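Here is what each chain is made of, one letter per residue.
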Amino acid sequence: MSTTNTPATSASTTPPTTTTTASTPPRRGSLRASGALWGWRTVDLLTVTFLAVAFGVAYWGYDAFYNSPFIAGLSFGFQPLWGLFAGPWFIAGVVGGLVIRRPGAALFCEFVAALVAMLIGNTYGASGLLSGLLQGLGAEVAFLVLGYGGFGLLAAALAGGLAAPLEAVYEWFTWTKDWSFPWKLAYGGIMVVSGVVIAGVGGWLLTRALAVAGGLGAFPAGQEVRERGAV
């Protein structure tokens, strides 16, 4: 009886697995408000009210400059140039919308800011409330068109620009009713440019600065800053 020797089987060697950690690419687009879009939180209401009051005080201070002989002198000979200085009046709605990111935030912030300025004692009295309503509606439309999902620089510029037309038309029948129609159109166009640059771009920069400083940690703008810092 013959025996055959079975060769020993060598242990199979498993190649070492290398773990590669892929860096997460930065997220594109804006963060939406957390939870249900219409589900305002207590912190949302408190923050937008605080912003509105702060802007209302700022509006009251800006009122003196806006109606000063300095501005009148700059627009002498072509009064529609006064629209260049209209942009700051729209910034509350832009910032309120960029921070809270819920329906009604832009309108609420702009209107309450106008209310605060009136209560302190501005030049326009109760008519300033209507201006605040119209300007806030314009900014709100911009965020509505974007489905309350875009809050970048272009969205801010759109909100600042759209805050101007309704206000310009209102002033056609009040403060500028004696102007020629070409002047009224020019005034409206200049107001839109001022809204885009000052309220839109300026409001976006202000919101970003607040987020970087840590003042918006409970909001999407603050989370976006944290994500950028983590990349």
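This is a predicted model, so every value here is computed, not measured.

Visitor: Describe the side chain of Thr47, and please don't skip the residues or the numbers.
Guide: You can see Thr47 is positioned in helix H1 (residues 42–66). A distance of 2.7 Å separates a polar side-chain atom of Thr47 from the backbone oxygen of Val43. Here Thr47 is in contact with Val99, Ile100 and Phe219, once residues within four sequence places are set aside.

Visitor: So what's going on with the packing of aromatic side chains? Which residues, and what values?
Guide: Applying the stated criterion to the full structure yields 14 aromatic pairs. Ring centres of Tyr59 and Trp89 lie 5.4 Å apart, and the angle between their planes is 65°; this geometry places the pair in the edge-to-face category. With Tyr59 in helix H1 and Trp89 in the loop between helix H2 (69–74) and helix H3 (91–100), this residue pair connects regions lying 30 residues apart in the sequence. For the pair formed by Tyr59 and Trp89, the shared burial category is buried. Ring centres 5.9 Å apart and planes at 40° place the aromatic pair Tyr62 and Tyr66 in the tilted group. Taken together, the residues span about one helical turn, with Tyr62 and Tyr66 both in helix H1 at a distance of 4 residues.

Visitor: How would you explain a nonpolar patch on the surface if you had to name every residue and give the values?
Guide: On the surface, Phe111, Leu130, Leu133, Leu137 and Leu166 cluster together into a nonpolar patch covering about 360 Å² of accessible area. The element contributing the most residues to the nonpolar patch is helix H5 (residues 127–145), with 3 residues. Mapped onto the elements of the fold, Leu133 is located in helix H5.

Visitor: Break down the pattern of salt bridges for me, citing the residues and quoting the values.
Guide: Counted according to the given criterion, the structure contains 3 salt bridges. We note a salt bridge from Asp44 to Arg102, for which the minimum N-O separation is 2.8 Å. Taken together, the positions of Asp44 in helix H1 and Arg102 in the loop between H3 and helix H4 (105–120) put the pair 58 residues apart, joining distant regions of the chain. Both residues of the pair, Asp44 and Arg102, count as buried. What emerges from the salt-bridge pattern is a single network uniting Arg41, Asp44 and Arg102.

Rules used in this analysis
Residues numbered from 1 in each chain as written. Predicted model: local features only at pLDDT ≥ 70, side-chain atom pairs only at ≥ 80, totals over all residues. Heavy atoms only, no water. Helix = DSSP H or I, 4+ residues; strand = E, 2+ residues; numbered from the N terminus. Polar contact = N/O pair within 3.5 Å; in protein donor to acceptor, adjacent residues only side chain to side chain. Contact = heavy atoms within 4.5 Å. Phe/Tyr/Trp six-rings, centres within 6.5 Å; stacked < 30°, edge-to-face > 60°. Buried < 20%, exposed > 50% of the residue type's maximum accessible area, 1.4 Å probe, protein only. Patch = residues over 30% accessible without salt bridge, like charges linked within 9 Å, V, L, I, M, F, W, Y side chains within 5 Å. Areas by Shrake-Rupley, 256 points an atom, 1.4 Å probe, with all protein chains shown as cover. Salt bridge = Lys/Arg side-chain N within 4 Å of Asp/Glu carboxyl O.

Nothing here speaks to function; it is geometry throughout.
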